[in-house]
Structure formats: C-alpha cells, structure tokens
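# Structure at a glance
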Amino acid sequence: MTAKETTSFVYVTYIQSTPDKVFEAITRPDLARRYWGHENVSEWKPGSRWEHIRANDERTVELVGKVVEVLPPKRLVMTWTNASQEADPESYSRVTFDIEEYEDMVRLTVAHDELLAGGGMAKGVSKGWPLVLSSLKSFLETGRALDVFAKPKAA
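## Observations regarding the sheet that holds strand 5 (residues 75-82)
Taken in spatial order, the seven strands make up an open sheet running 1-7-6-5-4-3-2, and their pairing is antiparallel. Of all strands in the sheet, those bounded by a partner on one side alone are strand 1 (6-15) and strand 2 (38-42). Going from strand to strand, the sheet's axes swing by 25° on average, the running direction of each strand aside. Both strand 1 and strand 7 (residues 105-116) contribute to a ladder of nine bridges, which runs antiparallel. Each residue of the ladder has a partner; that of Tyr11, found in strand 7, is Val110. Against the sheet, helix 1 (residues 19-27) engages strand 1, strand 2, strand 4 (61-71), strand 5, strand 6 (93-102) and strand 7, with an angle of about 155° to strand 6. Along the sheet face, helix 2 (residues 29-36) touches strand 2, strand 3 (49-54) and strand 5 and points at about 155° away from the line of strand 2.

Quick look at the structure:
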C-alpha cells in the first residue's frame, strides 16, 4: 500500500489590526460571515467540532473538522474536510492560523497542509484562501469586505 501524495499551501498577509481582532474575525460566526460568506461555528476547545456554514437562508454545512489546538489570540489549528466526506479519515487536511504582532500590525500565516495532491480540495483552497484572506484584510482595515463569491470577468 502506498502513502497518499500530499501537498500544502502557505499564505502570509499583513493586516493593520491586532491579534485579538484577527483571532475574533476567524472564530466569531457574526464576523466571519461578513468577509468569508460563511460562519465558523465551534466551542473552540481542543477536540470540539468545527463547522463552516454558508451564511444564507439554507445554512448549508459545507466543511467540518475538529479543533486540534487553540491558543487565543496567537494560534488555531483544525482539521478540514467537505461535510459530504466527513466519514472518510483520508479526506481530512489541516489548517493552521498563526497570528503574531509585527510592529503596529499583525502577520497572519495560514498553512493548509495534508491535502491530497491534485485533489479537488487542493484546487479549491489554492484559489479560495487568497481571496478569503484579502477579504479579511479589507474587512479589518476598512470595515468593507470583498465579494468572496466573485468570478473572473469573461475576456
């Protein structure tokens, strides 16, 4: 039996904000829905369930996982998979948010690893994270988020 080939992505962004505000924006459903279009719902304790719920009338649970580590406001680690694949242990990847003060701003590092190389999740997050993190930055710095569901304009 061969081990699955995995890939990972690391994104670093600098935000004119505080570690507390960045951590809250990730973990508070009312804030996440404003820049992510989804609510992150959990008790935010190690071992607790995490759900990524579409912020619309249907309130579809799109992603699920478990909280692995939580050290407010510096670090959050959780597992991540499509809700439809929750029963498959092979489908899970891991997301780590590292939040550190950097002079009068915050350096946010998001590492998404243990992704199946070439899989749909890897393709999705490679496009999704840059837009979500840009929206988070805009939201915290200006109070206005980006449209994370925007599509490229046709040529």
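## Brief notes about the pattern of salt bridges
With the rule as written, the count across this model stands at 13 salt bridges. Taking the shortest distance from any N to any O, the salt bridge between Arg49 and Glu86 comes out at 2.4 Å. Here Arg49 is found in strand 3, whereas its partner Glu86 is found in the loop between strand 5 and strand 6, with 37 residues between them in sequence. Glu62 serves as the salt-bridge partner of Arg54, at 3.1 Å between the closest nitrogen and oxygen.

Rules of the game
- Residues numbered from 1 in each chain as written.
- Predicted model: local features only at pLDDT ≥ 70, side-chain atom pairs only at ≥ 80, totals over all residues.
- Heavy atoms only, no water.
- Pairing = 2+ DSSP bridges.
- Helix = DSSP H or I, 4+ residues; strand = E, 2+ residues; numbered from the N terminus.
- Axes fitted to C-alpha atoms, helices over the stretch in contact; angles between N-to-C directions.
- Contact = heavy atoms within 4.5 Å.
- Salt bridge = Lys/Arg side-chain N within 4 Å of Asp/Glu carboxyl O.

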